[in-house]
Amino acid sequence: MLEIEIDGKQLQVPDGSTVMEAATTIGAYVPHFCYHKKLSIAANCRMCLVQVEKAPKPLPACATPVTNGMKVWTHSEQAVKAQKGVMEFLLINHPLDCPICDQGGECQLQDLSVGYGGVESRYQEEKRVVGNKDLGPLVSTDMTRCINCTRCVRFTTEIAGHMELGQAFRGEHAEIMPFVEKTVDSELSGNIIDLCPVGALTSKPFRFGARAWEMSRRKSVSPHDSLGSNLVVQVKHDSVKRVLPLENEELNECWLSDKDRFSYEALSSSERITRPMLKQGGEWIETDWQTAIEYVANGLRSVKAENGAEAIGALASPHSTLEELYLVQRLVRGLGSENVDFRLRQSDFSADKHLSGAPWLGMPVAEIANLDRLFLIGSFFRKDHPLIAQRVRQAAKRGLKVSALNPAFDDWQLPVANSICVSPSEMLVALAKVVKALAEQTGRELSSQFADACASVTPDEVSVSIAKSLSSGRRAAVWLGNYAVQHERAAELHAFAQEIGRLSDASFGVLGEAANSVGGYIAGAVPLGGSAGKNVVQMLESPLKAFLLLGIDLEFDFGNGVAAASAMKSAEMVVVLSAFKSQRTLELADVVLPIAPFTETAGIFVNCEGRAQSFHPVVKSKGESRPGWKILRVIGETLGLDGFDFEKIDDVRSELLSAEGKVDPSKLCNSVTVRIGSLPSVSSHIQRVADIPIHAADPISRRSAPLQQTADAKAPEARLSSTTMARLGLQSGIVVRVRSASGEASVVAATDDGVADGCVRLAGAHSITAPLGSLYGEISLERM
Amino acid sequence: MGCERGYNYIHGEIFEVYDRFEEALREAREAGLLGKSILGSDFSFDLFAHHGYGAYICGEETALLESIEGKKGQPRFKPPFPASFGLYGKPTTINNTETFASIPYIIREGGDAFLALGKPNNGGTKLFSVSGHVNKPGNYEIPLGTPFSELLELAGGVRGGRKLKAVIPGGSSAPVLPGAVMLDCTMDYDSISKAGSMLGSGAVIVMDESTCMVKALERLSYFYFEESCGQCTPCREGTGWLYRVVHRIEHGLGRPDDLDLLNSVTANIMGRTICALGDAASMPVQSFIKHFSDEFAFHIEHKKCLVPKDIQRDGSKIYVA
Ligand SMILES: Cc1cc2nc3c(=O)[nH]c(=O)nc-3n(C[C@H](O)[C@H](O)[C@H](O)COP(=O)(O)O)c2cc1C
Ligand code: SF4
Ligand code: SF4
Ligand code: FES
């Protein structure tokens, strides 16, 4: 520890602290622009100059290390004179037209110029004008306002992992710009808007939407990925204007993914449903709630009477709230059916009977910083979990060694020490090799169910290397990604991964696809526990007579949208509870009940680490849409079912969470015992590898216009390795017809050597690839 | 010191020196004086020439390191100093090539012999690059302590027999001194510093009476305006401000309070930047105004030069010839 005196106050700070950090701990404000606690030190703005005893000139607090016995004055005459001098320089070329700047009212330069700026400008020369840049659909520029603090540059390089912005030219001609003809395409790009201390980088979708002081700030939780980023939703006139991060060091830190930030644009989409609707004689008519609810209740009653309760099933989106998930399963169970599921893209449920809890990350998110080994299995990691990937990226800088097994790799912008890229069917073999290598290395006995499978494999160089890496770590983790969970043999992948975790003393967990991937289990929205209930695949295969669909886009949210459509077609009644309509919904549903999206309802999301986060509505429900929990309650009451006579949402919560609102840790469990089948032999057929693109993953993000204009939302291509491309006689750029068991599509072929040989990467959750049905299986390709 | 790698960073616009140095390296390698196990010892050392792209700022030691690493030539904030975190993060010693070149002599002949070459407290010899209004511009190596008049004589004296007006004794960033002051100086650190300037790089710029000091300063200020790396606020914004005001004065648009403004702006730059270029841009402005305020005042008041245009033209005619 070091002793320092700041503005007369004595304090002790850890070795290596800067004067800025020391000042912050005692609440002494040092004006600054370029300094940011999450970015490297640039010391370029010079706003933070302070007086230091014995130093001949003022020193920048952000970059000056504390030395023992140092004395600092942050507001002495010398310091303030220096700060004012710098402020004058910052303003000479800066437009002085804050009233027409989108940052006005929330600008650090504006705020600080009040305290440090002069009344009149001494600069009488011509001001600099800097051309604006096209940074893509999310970030708007006004580069004349830029003060060259390079926060945005450092963010792209250090946090997003890819230098997409730089400072070109020198001196007064210095300009921040992207690479020639490039935009900023990172899935974290919106953070540069928050970081920019001036109005140079602002939100394009929001642009001039409101002034900062006109909006109220309400807390919320992101409904998208399994991290559960904390949000500040800015609201004016009952409409969401903007979404900003609510800092939570244990989850999103001070960041948001672009999906978290810009999805709100979908809330006012033209596909919002605002009144209950009934299909009568093939025509949709709007109706009142009572009629709609009675229609639903009558329909369910008559299906039950004619076909038995087992002919009724409910399928819910994993982005639904905990209360919605709970009530929908209670409704179905109340009717006497066990058919309920929320794991819509999952295809292998053989682990279900062994699951004793909700699969979860197996560790707190904040602990990622302490990992030194990580093995990621089946994950489009960076796009599926942008901010968890960001944490791993930072941990990798401190020595975390990442290994990964995938059928297709993207550039994660972080070092991957060992990677295995094999077709989906070969993933099991690959894991068997790692298991065997680990057993050999650690001298530990294999659990019996793996002995047979492992007997037939010989570890190769990379599996040995992964085994070495994992077993030499002090804190290792093995994670299953969304792809692994959706895999056709997910249960065995899970078991192998669990064995790898056991043999290497690593923490083992599941990343989780959605905001409530853990919550769905906690709510009981699964046919678990030896019940006779059907899982999603069974419900679609042996079609039921009545379906309740909660928050689902029929075409995009299932692992096999074609199977889902035909199941709906053969059902007598399809009840859709959703905030949005889609063409498919209108085609296949009989009743549509408008439910409120996350901004218009109270609810809880349980994130990947098992943290239950509740949120309140931030605006009124649009039109006649109503919170899902209320609608489900009324349906339950109308049906005369038990347990639906509660008044408040808290009554529902108390059945699921502890008095403090927490998930009982014993409900989280990753352990399964699965019989390992024979390992698949190498297939000569081309296999489909389907990622779920980041902005296509859920009903809200896929309707956000700005997100749909990003590079991440471009139309799916048929991506093949150059070897496979050559073998099939195809070339990049040509249109190919791809055919699966259920249908065909034409897509542009593209070379991508991140894809395993013998595979074609064809994204799911997109209208172009929707006719292909299953996210897995054999695909044939031919030139058109 | 145990280092195994050395780099000689050579300004990008200078080819002859670069080629000559590469040739010298080749000879040294052939003679077994560079590379692995030099002369059969267990000492290995390799030296490389690194040709920059011509940015002045890349002479600043940490910008130089960035440049060698293939990055944009921008000075680093210090600490950490290169001695602990230098090239590619390795401890690094940086000196001018001339500094290194004097080491063999010191090792061979001893420190006292080196000191005896100059005058007390200013040991050794130094290279001076004399440019400007002299008959024989060029590089001259002289013992420190040699009178300036002797150096001027070596350089062939002031052109056209004109009167010496001013001298910048240590490179463009050193404060300018009036000719009369310089003629009383000896060329060493103490004497020049006592006179109010610095020996700096040893680039001696000689100006005769045909020089308009406002125009000369305009040229210097333009140089710093163009050569600022743009990283830190006072220098990026300040060098443009200085240049524009001096440019205005030179072009007859000066205002009465411009000189105060220039002094105040330079004061706001100095000591507040990442590297010394901010100071380097400020010192000429301050010293030109200090020693030649009458010329600046004349310019502002009369919208023209104190030095008649024909005399200026005459001066530059010889310069061209
Ligand atoms: C803007 C700027 C430009 C510089 N250019 C040079 C240069 O071209 N050559 C040089 O030797 N030193 C240059 N320096 C000084 C170096 O930073 C460094 O102080 C010097 O090389 C130290 O070596 P010495 O002690 O042997 O002189 C420059 C400094 C600044 C601030
Ligand atoms: S655009 Fe904003 S964040 Fe980027 S350098 Fe300029 S002022 Fe800083
Ligand atoms: S003083 Fe000038 S040259 Fe030096 S770092 Fe700052 S901007 Fe760059
Ligand atoms: S905050 Fe310290 S120099 Fe910018």
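To be clear, the structure that these remarks concern was listed above.
Residues numbered from 1 in each chain as written. Chains lettered and ligands numbered in written order. Predicted model: local features only at pLDDT ≥ 70, side-chain atom pairs only at ≥ 80, totals over all residues. Heavy atoms only, no water.

Draft legend 1. Summary view of the pairing of strand β7 (residues 165–168) of chain A. All names here are of chain A. Neither face of β7 is exposed, since L165 and Q167 on one face and G166 and A168 on the opposite face are all buried. Two strands pair when backbone bridges link them, and β7 and strand β8 (residues 175–178) are joined in this way by 4 bridges, in the antiparallel orientation. Following the sheet pairing, L165 is matched in β8 by P178. If you look at the hairpin formed by β7 and β8, you'll find 6 residues sitting between the two strands, and F169 has a positive phi there, around 65 degrees. (Buried < 20%, exposed > 50% of the residue type's maximum accessible area, 1.4 Å probe, protein only. Helix = DSSP H or I, 4+ residues; strand = E, 2+ residues; numbered from the N terminus. Pairing = 2+ DSSP bridges.)

Draft legend 2. A look at the packing of aromatic side chains. Tallied over the full model, the rule gives 22 aromatic pairs over all chains. Aromatic side chains F288 of chain B and F292 of chain B sit 6.5 Å apart centroid to centroid with 50 degrees between the ring planes, which places their arrangement in the tilted category. Like F288 of chain B, the residue F292 of chain B is buried in the burial classification. When the ring centre of F206 of chain A is taken as origin, the NZ or CZ atom of R242 of chain A, which lies over that ring, is 4.3 Å away. Residue placement shows R633 of chain A over the ring face of F646 of chain A; its charged tip is 6.0 Å from the ring centre. (Phe/Tyr/Trp six-rings, centres within 6.5 Å; stacked < 30°, edge-to-face > 60°. Lys NZ or Arg CZ within 6 Å of the ring centre and 35° of its normal.)

Draft legend 3. Spatial organisation of the pattern of salt bridges. All names here are of chain A. What the rule picks out here adds up to 67 salt bridges over all chains. For E187, the salt bridge is made with R382, and the minimal N-O distance between the two is 3.0 Å. Highlighted residues: E187 in the loop between β8 and α5 (191–195) and R382 in helix α9 (residues 381–384), separated in sequence by 195 residues. In this pair, the class of E187 matches that of R382, namely buried. Through salt bridges with shared partners, a single network forms among E271, R345, E513, D553, D557, R702 and R703. (Salt bridge = Lys/Arg side-chain N within 4 Å of Asp/Glu carboxyl O.)

Draft legend 4. Structural context of the layout of surface pockets. Approximately 1000 Å³ is the volume attributed to the second largest pocket. Looking at the second largest pocket, it is lined by 27 residues, and the ones nearest its centre are S40 of chain A together with E66, K71, Q74 and Q231 of chain B. Contributing elements (two or more residues each) for the lining of the second largest pocket: α4 (151–159) and β7 of chain A. When residues in the lining of the second largest pocket are grouped by element, the largest group, 4 residues, is from α4 of chain A. Among the residues making up the lining of the second largest pocket, the classes are represented as 11 nonpolar, 9 polar and 7 charged. (1 Å grid on protein atoms, 1.4 Å probe; cavity = no way out; pocket = protein on both sides within 12 Å on 5 of 7 lines; lining within 4 Å. Points joined across faces, edges and corners; volume = space filled by probe spheres on them. Nonpolar A, V, L, I, M, F, W, Y, C, P; charged D, E, K, R; others polar.)

Draft legend 5. A look at the sheet that holds strand β22 (residues 546–550) of chain A. Residues and elements named next belong to chain A. The strand order across the open sheet built from 7 strands is β14-β13-β24-β23-β22-β15-β16, with neighbouring strands paired in mixed fashion. Because the sheet does not close on itself, it has two edges, and the strands there are β14 (283–286) and β16 (340–341). Of the strand pairs in this sheet, strand β13 (residues 277–280) and strand β24 (residues 591–594) are connected by 2 bridges, and their pairing is antiparallel. Looking at β24, one finds that M277 is bridged to V592. Set on the sheet, helix α7 (residues 289–307) makes contact with β13, β15 (312–316), β22, β23 (573–578) and β24; between it and β24 the angle comes to about 130 degrees. (Contact = heavy atoms within 4.5 Å. Axes fitted to C-alpha atoms, helices over the stretch in contact; angles between N-to-C directions.)

Draft legend 6. Quick look at helix α2 (residues 61–68) of chain B. Residues and elements named next belong to chain B. Most of α2 is tucked away, with 7 of its 8 residues classed as buried. Of all the residues in α2, the buried ones are T62, A63, L64, L65, E66, S67 and I68. Its buried side turned inward, α2 meets β1 (5–10) and β2 (46–51). Of the residues trailing α2, G70 is marked for its positive phi of about 90 degrees.

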